[in-house]
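Fold and geometry: a report
Now for the letters of each chain:
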Amino acid sequence: MFKMVIYFLSIILWMQVSAQPKWKLVKNKNNIQVYAASSDSSNLKMVKTVAVVDGSIEKLISIFMDIDHQKQWVFATKQSYLIKKISEREVMYYVETVLPWPMKNRDVPIHMNIDEMERGKAVLITTIGEPHLIPVTQGKVRVPQFYGKWDIKATSNNKLSIDYFLHVDPGGKIPAWIVNMFVSKGPYETVYKLAILLKNN
């Protein structure tokens, strides 16, 4: 069932990307390029991050599966914890994201699936928000839409090629133009800190 959801989401997102074939480069630093494009489904931007980093597929999977320590590398994460382990590579987890005052923090349960397409050589990681999975936490705003996709391939010399796609509607009364101001900051810092963990682990 989950793979069917991924399939239909991929079709929808492919149609959106096809309608906006020209991504705009918004940040280029430390071998990390962040691109933004408009979305047909909302006034919030889609973000694509491309990078080449040191590391292995095995190390990367272990970092992603260490749910409790996502605040070490996922941008603005205040807390994260496991809700349910479905299999060795499929989990449900909760994440709370910090927003600057006076805006309320956002939270969302996420369904993550790690599909190692070719052992040690390629992996596809999908993260889909499940906003109704658990009750809304008082004082926070539940994220109504979250979709992330990590397409990662091992290259020569212990390098990883990363293509990271993200489309989020943070919900609540945040003007889209304010959200879109940070499209380069969040994805860039996430990939940059991931690269540090991959290199140092």
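Right above here is the structure, for reference.
Here is what the cut-offs are and how they apply
Residues numbered from 1 in each chain as written. Predicted model: local features only at pLDDT ≥ 70, side-chain atom pairs only at ≥ 80, totals over all residues. Heavy atoms only, no water. Core = buried A, V, L, I, M, F, W, Y, C linked by side-chain atoms within 4.5 Å. Buried < 20%, exposed > 50% of the residue type's maximum accessible area, 1.4 Å probe, protein only. Helix = DSSP H or I, 4+ residues; strand = E, 2+ residues; numbered from the N terminus. Contact = heavy atoms within 4.5 Å. Axes fitted to C-alpha atoms, helices over the stretch in contact; angles between N-to-C directions. Parallel < 35°, antiparallel > 145°, perpendicular 65-115°, else oblique. Left-handed = near helix turned anticlockwise from the far one by under 90°. Nonpolar A, V, L, I, M, F, W, Y, C, P; charged D, E, K, R; others polar. Arc of directions from axis to C-beta. Patch = residues over 30% accessible without salt bridge, like charges linked within 9 Å, V, L, I, M, F, W, Y side chains within 5 Å. Areas by Shrake-Rupley, 256 points an atom, 1.4 Å probe, with all protein chains shown as cover. Salt bridge = Lys/Arg side-chain N within 4 Å of Asp/Glu carboxyl O.

Description of the nonpolar core
- One finds Leu-60, Phe-64, Ile-125, Trp-150, Ile-152 and Leu-194 to be the most contacted residues of the largest nonpolar core, which totals 37 residues.
- Among the elements that line this core, the one with the most residues is helix 4 (residues 185-200), at six residues.
- Once residues within four sequence positions are removed from consideration, Leu-60 is found in contact with Val-123, Ile-125, Ile-152, Leu-160, Leu-194 and Leu-198.
- Formed by six residues, the second largest nonpolar core is a distinct cluster that contains Trp-23, Ile-128, Tyr-147 and Phe-165.

Quick notes on the packing of helix 2 (residues 57-65) against helix 4
- It is the contact of helix 2 with helix 4, at a shortest axis distance of 10 Å, that shows an interaxial angle of 120°. Comparing the axis directions of helix 2 and helix 4 gives the class oblique. Once helix 2 is placed against helix 4, the crossing between them reads as right-handed. The residues of helix 4 that touch helix 2, namely those facing Lys-59, Leu-60, Ile-63 and Phe-64, are Leu-194, Leu-197 and Leu-198.
- A per-class count over the contact of helix 2 with helix 4 returns six nonpolar, no polar and one charged.

Focus on helix 2
- All buried positions along helix 2 are accounted for by Ile-57, Leu-60, Ile-61, Ile-63 and Phe-64. The buried residues of helix 2 occupy an angular sector of 160° when projected down its axis, which confines them to one face.
- The inward-facing, buried residues of helix 2 contact strand 6 (106-118), strand 7 (122-129), strand 9 (145-155), strand 10 (159-169) and helix 4.

What to know about a nonpolar patch on the surface
- A contiguous nonpolar surface patch, about 230 Å² in accessible area, is contributed by Tyr-81, Ile-83 and Leu-133.
- Mapped onto the elements, Tyr-81 comes out in strand 4 (residues 77-87).
- In this structure Tyr-81 comes out as partly exposed when scored by relative accessible area, which is 34%.

Here's the deal with the environment of Val-108
- Following the sequence through the fold, Val-108 ends up in strand 6.
- The exposure class of Val-108 is buried, given its relative accessible area of 3%.
- As for Val-108 and Val-143, which are separated by 35 residues in sequence, their C-alpha atoms are 5.5 Å apart.
- When neighbours within four sequence positions are excluded, Val-108 is seen to be in contact with Tyr-93, Tyr-94, Val-95, Gly-129, Glu-130, Arg-142 and Val-143.

Side note on the environment of Lys-71
- Its location among the elements puts Lys-71 in the loop between helix 2 and strand 4.
- Using a relative accessible area of 53% as the deciding quantity, one classes Lys-71 as exposed.
- For Lys-71 and Glu-96, which are 25 residues apart along the polypeptide, the C-alpha to C-alpha distance reads 9.5 Å.
- Discounting residues that sit within four places of it in the chain, Lys-71 has contacts with Thr-77 and Lys-78.

These figures come from the coordinates and say nothing about function on their own.
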